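Examining the three-dimensional arrangement
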Amino acid sequence: MSVLKCRDCGTLYPEAMITSCSECYGPVDTCIEDIDRSVKSKIESRYPSMWRYLEFLPVNNTRAVNLNDGWTPLLRSNKLGKIGIKDLYLKFEGTNPTQSYEDRSVSISINKAIEFNSTAIGCASTHYIADSVAAHAARTGLKSYIFVPDNTPIEIIYPLLSYGAQVLKVYKQEGDIDCQCHGNDPATCTLVTRMAEKPELSLPIVDLDLRTYFNSGYKTLSYEIAEQLGWRSPDNIVIPEGSGSLTYNMYSGFKELYESGLIEDLPRFFIVQSSGCAPIVDALIHRKEIPTPLRNPVTLCENLRVGDPADGLYALRAIKHGGYGIAIEDKEGIEYAELIAKKEGISPDYSGGLAVAGLVRLCEDGKISPTESTVVVLPASGIKNRDYYRSDPDLKVPRISSNIADLQLYLETERTKLARTPIFEKPGEASVPPAFLRT
Amino acid sequence: MLRSIKQSNESDHIRWFREKRVMTIREVAVRFFGVISSETGHKEIKICTDAKNIRELVVEICDKYNSLKKKLLSSEPSALNKHVRCYVNGMDIRLIREYETRLMDGDKILFLVSFQGG
Ligand SMILES: [Zn+2]
Ligand SMILES: [Zn+2]
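The shown structure was predicted, so the numbers you read here are calculated from the model rather than taken from an experiment.

**Digging into the overall build of chain B**
Summing up its helical and strand segments, chain B has 5 helices and 5 strands in all. Ordered by position from the N terminus, the helices and strands of chain B form the series α-α-β-α-β-α-α-β-β-β. Residues counted as buried form 43% of the 118 residues belonging to chain B. In chain B, 50% of the contacts between residues at least 6 apart in sequence involve partners at least 24 apart.

In structure tokens, the structure reads:
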């Protein structure tokens, strides 16, 4: 597989490190060729990771170096009682090598960098992509350079250093582009934009210079969901969204399966944004083709803090086929993230909580019927919510001594309290919803 | 001042017009980034222009580089291609006054193709 195609005008390009169509300046995507249903048995015979979808991946090296990324659990949700959705599945991306969905895209990007003879890889991130680049670069033997804002705290930098990444703090100077894209730091953003004009540096940026390949990693989420459901598509997919890329590329992934005859229907796509940063939902409501950029977006969900969503207009196209979009307060997302951890035993990041909160609202609004099968994407593990743990002043943990009487007394009072308020549900029965759900 | 008017032998009206015109000529630096510069052949140009805003400047640039015209402009009248970003002194024009953003002498204008990632 080696052909690239302009998303807007369809111009074809041979494989190269290109990001934009030279005819219309539209984004360029990888595309699949000559895949039919016979590929199913080949896929099923391979090791369970996203690399089992080899025929769909834009790599020429069949022995790509990776971290067995993907093949994350698709868990049937039994206990999110109040939601009352019969066929609810949680696609939990927290079991990826660096605990987020970005491992999929970084894994493909880095292998492409190797194919293009790069010996180093760069990124401008302090979050999911940075962690993933550091880890995959270490695994593949590439040198990684991670550009971070000048004020990045050492707690974020240290884990990257432990993988052997070279972290560089980029300080502001006059003439920096005032950028509202991902990362939202003018200095780092200006630097990587300027780097794009200097291929001789031989330091491709994982999600910019290699973005065509990076995007194809998101498609593997769709392949997996379909296979895990027995090669069929769910009725609905709910995605927490920032840049619009995940939605557009998951939509493309399902379309590829559909066109190859591997599934018979396409799902409807629903996106959930934080109300502090919802340019795509805003465009949907105001019937704009292209989202208007938002200055200084505010949300605790770092992966969703994208004021200028690069793939916003394409995400809007993906949800037009029967889907919808909704904005939810961070506070509600955090409450749902904790509820999922308590009820299902998996702790998602806040953006995952936001997605489930959005699903509840979409059901209440009649946009999604509780009888339809629905998959919610939980992009990362809750351990990624670094900032919040540090700043929550209300966290109180009881203290006891090693004296066993201390523990006995504590358990007795605790159990009497619980006996008076029966909040535990029996498996399979609807629970009494916690206070914040009842209002 | 008085003497110069007499020497130039121009009517007050024409003189006023000429001075006004001189005042509205601005020199701006225009930077074409990445794939756009392959169309212009230059990465950076200095333009002396009487364009009052970005809308007029874009028209002037398109007159100068004919092959850029069909790529820089969208099919809708006086709108940039949706993949092209324009910055004036580092500010995205969509966050200020879009195409009506006023030009000042010494402004730095940047055109680039949006290519941000996930
Ligand atoms: Zn094109
Ligand atoms: Zn940026």
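**Focus on the sheet that holds strand 1 (residues 26-32) of chain B**
All names here are of chain B. Taken in spatial order, the 5 strands of this open sheet run 2-1-5-3-4, and their pairing is mixed. The two strands at the open ends of the sheet, each matched to only one other strand, are strand 2 (44-49) and strand 4 (91-92). Bridge analysis of strand 1 against strand 5 (residues 108-113) gives 4 bridges, and the strand direction is parallel. Pairing of Phe32 across the sheet is with Phe111, part of strand 5. Against the sheet, helix 4 (residues 54-64) touches strand 1, strand 2, strand 3 (84-88) and strand 5, its axis set at about 115° to strand 2.

**Focus: the coordination of the zinc ion (ligand 1)**
Residue and element names in this part refer to chain A. Summarising the metal site, the zinc ion (ligand 1) is bound by the protein donors Cys6 (SG), Cys9 (SG), Cys21 (SG) and Cys24 (SG), whose distances to it range over 2.3 Å. Every donor counted, the 4 donor atoms about the zinc ion (ligand 1) form angles of 100 to 116° at the centre, which fits tetrahedral coordination. Sequence positions of the residues that donate to the zinc ion (ligand 1) give the spacing C-x2-C-x11-C-x2-C. The class of Cys6 is buried, set by a relative accessible area of 3%.

**Regarding helix 4 (residues 154-162) of chain A**
All names here are of chain A. Restricting attention to buried positions, one finds in helix 4 the residues Ile156, Ile157 and Leu160. Take helix 4 and look down its axis: the buried residues cluster within an arc of 90°, on one side only. Residues of helix 4 that are exposed and point more than 90 degrees away from the buried face comprise Ile154 and Tyr158.

**As for the pattern of salt bridges**
Residue and element names in this part refer to chain A. Tallied over the full model, the rule gives 30 salt bridges over all chains. Close ionic contact of Arg104 with Glu93 constitutes a salt bridge, the shortest N to O distance being 2.6 Å. Of the two residues, Arg104 sits in helix 2 (residues 102-115) while Glu93 sits in the loop between strand 5 (88-92) and helix 2, which places them 11 residues apart along the sequence. The residue Lys331 makes a salt bridge to Glu335 at a minimum N-O spacing of 3.6 Å.

**Focus: the pairing of strand 8 (residues 166-170) of chain A**
Residues and elements named next belong to chain A. With 5 bridges connecting them, strand 7 (residues 143-149) and strand 8 associate as parallel partners. Across the sheet, Val148 pairs through a bridge with Lys169, a residue of strand 8. Handedness of the crossover is the feature at issue here: the chain leaves strand 7, passes through helix 4, returns alongside strand 8, and the resulting connection is right-handed.

**As for the interface of chain B and chain A**
If you look at the interface, chain B gives 30 residues, while chain A gives 38 residues. Remark: the boundary between chain B and chain A carries 5 salt bridges. Counting the contacts that link chain B with chain A gives 9 residue pairs in polar contact (both at pLDDT 80 or more). Of all the secondary-structure elements, those providing two or more residues to the side of chain B that touches chain A are strand 1, helix 3 (37-40), helix 5 (66-72), strand 3, strand 4 and strand 5 of chain B. Looking at the side of chain B that touches chain A residue by residue, the classes come out as 13 nonpolar, 9 polar and 8 charged.

**Section: the side chain of Asp29(A)**
Residues and elements named next belong to chain A. Assignment of secondary structure puts Asp29 in strand 3 (residues 28-30). Judged by relative accessible area, Asp29 falls into the buried class, the value being 11%. Within the structure, Asp29 has its side chain in polar contact with the side chain of Arg7 (distance 2.8 Å). Among the polar contacts made by the side chain of Asp29, one reaches the side chain of Tyr248 at a distance of 3.0 Å. The contacts of Asp29, once residues within four sequence positions are left out, are Val3, Leu4, Lys5, Arg7, Thr212, Asn215 and Tyr248.

**What to know about the packing of helix 2 of chain A against helix 3 (residues 128-140) of chain A**
All names here are of chain A. Two elements in contact, helix 2 and helix 3, have axes whose closest approach is 9 Å; the angle formed by their N-to-C orientations is 45°. Relative to helix 3, the element helix 2 is oriented oblique. The hand of the helix 2/helix 3 crossing is right-handed. Residue-level contacts link Glu102, Asp103, Val106, Ser107, Ile110 and Ile114 of helix 2 to Tyr128, Ile129, Ser132, Val133, His136, Ala137 and Thr140 of helix 3.

**Considering unusual backbone geometry**
Residues and elements named next belong to chain A. Here Asn117, not a glycine, exhibits a phi torsion of approximately 65°, which is positive. Among the structural elements, Asn117 can be located in the loop between helix 2 and strand 6 (120-124). One non-glycine residue with positive phi stands out, namely Ser202, at about 50°. By relative accessible area, which is 32% here, Ser202 ends up partly exposed.

**Focus: the pairing of strand 7 of chain A**
Residues and elements named next belong to chain A. Across the 7 residues of strand 7, 5 count as buried, placing the element largely inside the fold. The pairing of strand 6 with strand 7 spans 5 bridges and is parallel. When the sheet's bridge partners are listed, Cys123 is paired in strand 7 with Ile146. A crossover links strand 6 with its parallel partner strand 7, the connecting element being helix 3, and its sense is right-handed.

**Some details on the packing of aromatic side chains**
Residue and element names in this part refer to chain A. Under the criterion given, the structure shown has 11 aromatic pairs over all chains. For the ring pair Phe254 and Phe269, a centre distance of 6.2 Å and an interplane angle of 65° mean the geometry is edge-to-face. Taken together, the positions of Phe254 in helix 7 (residues 245-259) and Phe269 in strand 10 (residues 268-274) put the pair 15 residues apart, joining distant regions of the chain. Classification of Phe254 as buried rests on a relative accessible area of 0%. Classification of Phe269 by relative accessible area gives buried; the value is 0%.

Each value, and the rule that gives it
- Residues numbered from 1 in each chain as written.
- Chains lettered and ligands numbered in written order.
- Predicted model: local features only at pLDDT ≥ 70, side-chain atom pairs only at ≥ 80, totals over all residues.
- Heavy atoms only, no water.
- Helix = DSSP H or I, 4+ residues; strand = E, 2+ residues; numbered from the N terminus.
- Buried < 20%, exposed > 50% of the residue type's maximum accessible area, 1.4 Å probe, protein only.
- Contact = heavy atoms within 4.5 Å.
- Pairing = 2+ DSSP bridges.
- Axes fitted to C-alpha atoms, helices over the stretch in contact; angles between N-to-C directions.
- Donors = N, O, S within 2.8 Å, 3.2 Å for Na, K, Ca; no water.
- Tetrahedral: all angles 85-135°; square planar, octahedral: opposite > 155°, others 65-115°.
- Arc of directions from axis to C-beta.
- Salt bridge = Lys/Arg side-chain N within 4 Å of Asp/Glu carboxyl O.
- Right-handed = clockwise from strand over helix to strand, strands pointing away.
- Polar contact = N/O pair within 3.5 Å; in protein donor to acceptor, adjacent residues only side chain to side chain.
- Nonpolar A, V, L, I, M, F, W, Y, C, P; charged D, E, K, R; others polar.
- Parallel < 35°, antiparallel > 145°, perpendicular 65-115°, else oblique.
- Left-handed = near helix turned anticlockwise from the far one by under 90°.
- Phe/Tyr/Trp six-rings, centres within 6.5 Å; stacked < 30°, edge-to-face > 60°.

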